[in-house]
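What follows is each chain in one-letter form.
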Amino acid sequence: MTASRSGALMTALAVIAGSAAQLCGLGLTASAAWLIARAAEQPPLSALGLAIVGVRAFATARGLFAYLERLAGHDAALGRIAGLRVLLFRALAQGPISTGPAAAGPAAAGPAAAGPAAAGAGPAGAEPPTRPRDGEALTHMVADLDAAQDMRLRCLLPAVVSAFMGIAATVFCTLLHPAAGAMLAGGALLIGAVIPMMSAVAARRLGARVSAARADLALRVLDLSDGHADLMAFGALDRAVAAAEHQVHRLARLERVSGGVSAVAVAAGMAVQGLTAIGVASVSATAGPVLCAVLVLTTLVALEAMLPISAAAQLYIELRPALARVRSVLSAPSPGLPAAQMSASTVPGRIALRGVSVCYGKAEALDEVDLDLAPDRSVAILGQSGAGKSTLLAVIAGLVPPTKGVASLRPARGMYQDAHLFNTTVRANLLMAKPQAEDAELHRVLEQVRLNEWLGGLPGGLDCPVGEGGRDMSGGQRQRLLLARALLADPEVLLLDEPTEALDAETGRAVLADVLRARHGRSTVVVTHREDALDLFDDIVIMARGRVQLHDCGESRQLSGPVLPST
Ligand SMILES: Nc1ncnc2c1ncn2[C@@H]1O[C@H](COP(=O)(O)OP(=O)(O)OP(=O)(O)O)[C@@H](O)[C@H]1O
């Protein structure tokens, strides 16, 4: 049996067991009420025998069914969460979260919607998605999965079971006394539908403000922890702490109001419960004390069981955006070639872009770019900051599908601007690119990026740890280790985004020359600001404002002086 089928079965079992437990509760109340009222008339003991057995049977069965409901409900919810976690991790592992451009639509924005803006937008998610930072996205994902669990256990299951109880009790009372049944139906409608609807509307309005405040606070806390050193350095720490404290108080105020709404909903429900019981007592008073007691107690118990519907409705409103975020991550198209605007090039290393545009929201990063890169050449991409170089590289890598136009290429790999070093050894960081590589090969790529000397001075050599994000290395060493890893991968097309910008001009040029020599005869595309090293490349592509301004294939290159156009 598949996991989803067994989950559905367990959910159905939980609903049935929960409803049976409620029915037993109803039976227990009715039989106990009848027993007490009838015993007051001092009949022979034999007249009470059946009711006594009924009370015991209902009491025992109610406990058993309630236990079964918990068991099946938790089994279904936890099983679903485990499955969701796997799907979610798979979706997240397919590509960088939250970097999708508008091209791929809202779904591709992925957890962008999970960012504070979306949370702030509340259930409607009315604000345009913005880019969340890694920490935020992770925090949201963890919380969102908990929300998926709560939705079943604390929201849908109690609501369905309570509603069933209301219907069952109404039918039971109507059969015994139609007027009392009608009275109970009215009370059940108020407690089961009208009050929950009103509290859901209030929760929607308040929830948007609470989640915006919560998201803002989370951001401030993240800034305080990630940016602590900078805040200290610029004397801004006190201001940042004060702003976070202000937000804490604001959030507390909003949560108090929100708690007040819940309390009013519960109080209104209890008032309706009491008034309905009084109404049932008054219409059934003439039917005799025994029947009247049964009807009143049944009314009280049935409406009591329905009181949680209001809280479930509020919870539903609160949890809905979280579930929408999980769904958006799961339905996000995976990055890579399968997107409609990408086609696989038949010639290895050949890259052709036709009218390719990429938009991030309203910002156009690439504007109808036409570009043909012949295979097995080294290409430098230049341009001023914001010209669209990294976006072009991301399109060539198959990480960002074009909003418009067609890209014909095969997946490329390389070293991007946000490349990461893992908190492990030099060796493990390199082997990520090629797990079977021998030490000699590792030394060779380290030599190519001129890190061998540095490695020789390390206590453990290749087994020396690099620290979190490579913090035990200098910026230039970090960049060269990342470059060595990209070289080790030895892809058909190697993409490098500013691979030597952290190095001094002389070393940078020398490393670039070594890398291009090592890649001779294979396609290598390098985003760079180094005008002093352009003579090392076969092709030069100059970008400006999202367009290719010049594509120089090297035939008649006369480079002297700056090549970047002034803006
Ligand atoms: N993920 C994103 N979300 C929103 N806007 C983005 C995103 N990535 C890039 N942009 C915008 O797209 C434009 C091009 O950015 P890109 O990073 O491609 O430029 P670049 O030429 O590589 O710049 P730099 O040399 O400074 O790295 C910029 O205006 C930038 O603000």
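You'll find the structure just up there.
Keep in mind it's a predicted model, so treat the numbers as computed, not measured.

Definitions and limits used
- Residues numbered from 1 in each chain as written.
- Predicted model: local features only at pLDDT ≥ 70, side-chain atom pairs only at ≥ 80, totals over all residues.
- Heavy atoms only, no water.
- Helix = DSSP H or I, 4+ residues; strand = E, 2+ residues; numbered from the N terminus.
- Buried < 20%, exposed > 50% of the residue type's maximum accessible area, 1.4 Å probe, protein only.
- Areas by Shrake-Rupley, 256 points an atom, 1.4 Å probe, with all protein chains shown as cover.
- Axes fitted to C-alpha atoms, helices over the stretch in contact; angles between N-to-C directions.
- Parallel < 35°, antiparallel > 145°, perpendicular 65-115°, else oblique.
- Left-handed = near helix turned anticlockwise from the far one by under 90°.
- Contact = heavy atoms within 4.5 Å.
- Nonpolar A, V, L, I, M, F, W, Y, C, P; charged D, E, K, R; others polar.
- Near = heavy atom within 4 Å.
- Polar contact = N/O pair within 3.5 Å; in protein donor to acceptor, adjacent residues only side chain to side chain.
- Pairing = 2+ DSSP bridges.

Here we come to the overall build of the chain. A tally of helices and strands in the chain yields 16 helices and 10 strands. Residues counted as buried form 45% of the 567 residues belonging to the chain. Just so you have it, the chain exposes about 27,600 Å², and 61% of that area is on carbon and sulfur atoms.

For the rest of this paragraph, the subject is the packing of helix α8 (residues 237–284) against helix α9 (residues 289–306). For the pair α8 and α9, interaxial distance at closest approach is 9 Å and the crossing angle is 160 degrees. Compared by their axis directions, α8 and α9 come out roughly antiparallel. Where α8 crosses over α9, the handedness of that crossing is right-handed. Between α8 and α9, the residues in contact are Gln-273, Thr-276, Ala-277, Val-280, Ala-281 and Ser-284 and Cys-292, Leu-295, Val-296, Thr-299, Leu-300, Leu-303 and Glu-304, respectively. Considered class by class, the residues forming the contact of α8 with α9 number 8 nonpolar, 4 polar and 1 charged.

Once that is clear, we can look at the site of the ligand. The environment of the ligand is made up of 14 residues, and the closest members are Ser-385, Gly-386, Lys-389, Ser-390 and Thr-391. Thr-391 is positioned such that a nitrogen or oxygen atom in its side chain is 2.6 Å from an oxygen atom of the ligand. With the chains in place, 70% of the 630 Å² that the ligand exposes on its own is no longer accessible. Broken down by element, the shell around the ligand gets its largest block of residues, 3 residues, from helix α11 (residues 389–397). For the shell around the ligand, the class distribution of residues is 3 nonpolar, 8 polar and 3 charged.

With that settled, consider α11. With 8 of its 9 residues buried, α11 lies for the most part within the structure. Of the residues making up α11, those classed as buried are Lys-389, Thr-391, Leu-392, Leu-393, Ala-394, Val-395, Ile-396 and Ala-397.

Bringing the sheet that holds strand β7 (residues 493–497) into the picture now. Backbone-to-backbone hydrogen bonds pair the strands of a sheet. The strands run either parallel or antiparallel. Taking strand neighbours across the sheet as the criterion, the 6 strands line up as β6-β7-β8-β4-β9-β10 in an open arrangement whose pairing is mixed. The open sheet is flanked by β6 (413–415) and β10 (547–552), the only strands paired with a single partner. Averaged over all pairs of adjacent strands, the angle between strand axes in this sheet comes to 20 degrees, irrespective of strand direction. Bridge count between β7 and strand β8 (residues 523–527): 5 bridges; the pairing is parallel. From the neighbouring strand, Val-493 faces β8, where its bridge partner is Ser-523.

Geometric descriptors of this kind do not, in isolation, establish any biological role.
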